[in-house]
Amino acid sequence: MGVTVEVHRVYRYPFEQVVASYLRKYPSPMEKHVTAVETVEEKTDLSTGIIYRRRIATCRNVIPEILRKVSVLKVPDIYLEEESWLNMEKRNMAMKSHCLTWTQYASLSEESVFRESLENPNCILPGTTTVGALTALAFGNQRSQQCCQPLSNYQGGE
């Protein structure tokens, strides 16, 4: 089963604030499933000024204990990889993320772009987010979405 969802939101905050909020939103006491986010690579392209980041998020395994009797599901954490490209000159940030856990059984990816409105620099145009290619065992779909949903529910500080 594959699912694709597109979300379009306008964030009514300056670009720098939306980017800063996104990069520091986890871990948070308000989101108990995301326990850590580690930047494993960060570099700036000197010719373009684009800042590339690769981060790994650690989420608690939210699959019910009864289903964890299946050995492949008996893991304490689920890992997600996120890559982002921040272009301050063009005022946009593109991101791609995907699940690193259970890739042989399920896949989940997300793509987002935040860009400043030409009409109002204090508005960030729709972070066009596609959460797609969710292919999972039937009993795992809802729980996989629960872990990954916080990463796709960014509200821009609202």
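This is a predicted model, so every value here is computed, not measured.

Let's shift gears to the overall build of the chain. In terms of regular secondary structure, the chain is built from two helices and eight strands. Every one of the 158 residues in the chain was classed for burial, and the buried ones make up 39%. A separation threshold of at least 6 residues defines the contact pool for the chain, and within that pool the share at least 24 residues apart is 55%. When the accessible surface of the chain is split by element, carbon and sulfur atoms take 54% of a total near 9100 Å².

Okay, the environment of Thr-58 next. Here Thr-58 is to be found in strand S3 (residues 51–60). In sequence terms Thr-58 and Ala-36 are 22 residues apart; their C-alpha atoms lie 5.1 Å from each other.

Cis geometry is found at the peptide bond from Tyr-26 to Pro-27, where omega equals -10°. The phi angle at Arg-91 is positive, at roughly 60°, despite the residue not being glycine. Here Arg-91 lies in the loop between strand S4 (77–87) and strand S5 (92–99).

Inspection of the entire model under this criterion finds eight salt bridges. With a closest N to O distance of 3.4 Å, Lys-43 and Glu-41 form a salt bridge. With a closest N to O distance of 3.4 Å, Glu-65 and Arg-68 form a salt bridge. A single network of salt bridges, built from pairs that share partners, joins Glu-41, Lys-43, Arg-54 and Glu-81.

Once that is clear, we can look at helix H1 (residues 15–24). Looking only at H1, the buried set comprises Phe-15, Val-18, Val-19, Ser-21 and Tyr-22. Here the buried residues of H1 occupy an arc of 165° about the axis, which is enough to place them on one side.

Time to look at the pairing of S5. Alternating positions in S5 separate cleanly, Met-93, Met-95, Ser-97 and Cys-99 being buried on one face and Asn-92, Ala-94, Lys-96 and His-98 remaining unburied on the opposite face. Here S4 runs beside S5; their pairing, made up of eight bridges, is antiparallel. Paired with Ser-84 across the bridge in S5 is Met-95. Linkage of S4 to S5, two consecutive antiparallel strands, is achieved through a turn of four residues, within which Arg-91 is found at a positive phi near 60°. Pairing between S5 and strand S6 (residues 107–116): seven bridges, direction antiparallel. Bridged to His-98 within S6 is Ser-109.

With respect to the element layout, Val-10 can be found in the loop between strand S1 (5–7) and H1. Remark: the alpha-carbon pair of Val-10 and Phe-114, spanning 104 residues in sequence, is separated by 9.4 Å.

Mapped onto the fold, Asn-61 is located in the loop between S3 and S4. A polar atom in the side chain of Asn-61 sits 3.0 Å from the backbone nitrogen of Ile-63. In this structure, Asn-61 is in contact with Arg-68, Leu-73, Val-75, Pro-76, Asp-77, Ile-78 and Trp-102, ignoring residues within four places of it in sequence.

The next thing to look at is the nonpolar core. Judged by nonpolar contacts, Tyr-26, Val-34, Ala-57, Cys-59, Ile-63, Leu-73, Ile-78, Leu-80, Cys-99, Trp-102 and Leu-108 together constitute the single largest core of eleven residues. Broken down by secondary-structure element, the contributors of at least two residues to this core are S3 and S4.

Before going further, it helps to spend a moment on the packing of aromatic side chains. Inspection of the entire model under this criterion finds three aromatic pairs. Ring centres of Tyr-11 and Phe-114 lie 5.5 Å apart, and the angle between their planes is 50°; on these two criteria the pair is classed as tilted. On the criterion of sequence distance, the pair formed by Tyr-11 in the loop between S1 and H1 and Phe-114 in strand S6 is long-range, its members being 103 residues apart. The exposure class of Phe-114 is buried, given its relative accessible area of 2%. Judged by centre distance (5.6 Å) and plane angle (50°), the rings of Tyr-52 and Trp-85 are tilted. Placement of the pair is Tyr-52 in strand S3 and Trp-85 in strand S4, with a sequence separation of 33 residues. The buried category is assigned to Tyr-52, whose relative accessible area is 12%. Each residue in the set Tyr-11, Tyr-22 and Phe-114 is aromatic and connected to the rest through ring pairs, giving one cluster.

Reading the values: the criteria
- Residues numbered from 1 in each chain as written.
- Predicted model: local features only at pLDDT ≥ 70, side-chain atom pairs only at ≥ 80, totals over all residues.
- Heavy atoms only, no water.
- Helix = DSSP H or I, 4+ residues; strand = E, 2+ residues; numbered from the N terminus.
- Buried < 20%, exposed > 50% of the residue type's maximum accessible area, 1.4 Å probe, protein only.
- Contact = heavy atoms within 4.5 Å.
- Areas by Shrake-Rupley, 256 points an atom, 1.4 Å probe, with all protein chains shown as cover.
- Salt bridge = Lys/Arg side-chain N within 4 Å of Asp/Glu carboxyl O.
- Arc of directions from axis to C-beta.
- Pairing = 2+ DSSP bridges.
- Polar contact = N/O pair within 3.5 Å; in protein donor to acceptor, adjacent residues only side chain to side chain.
- Core = buried A, V, L, I, M, F, W, Y, C linked by side-chain atoms within 4.5 Å.
- Phe/Tyr/Trp six-rings, centres within 6.5 Å; stacked < 30°, edge-to-face > 60°.

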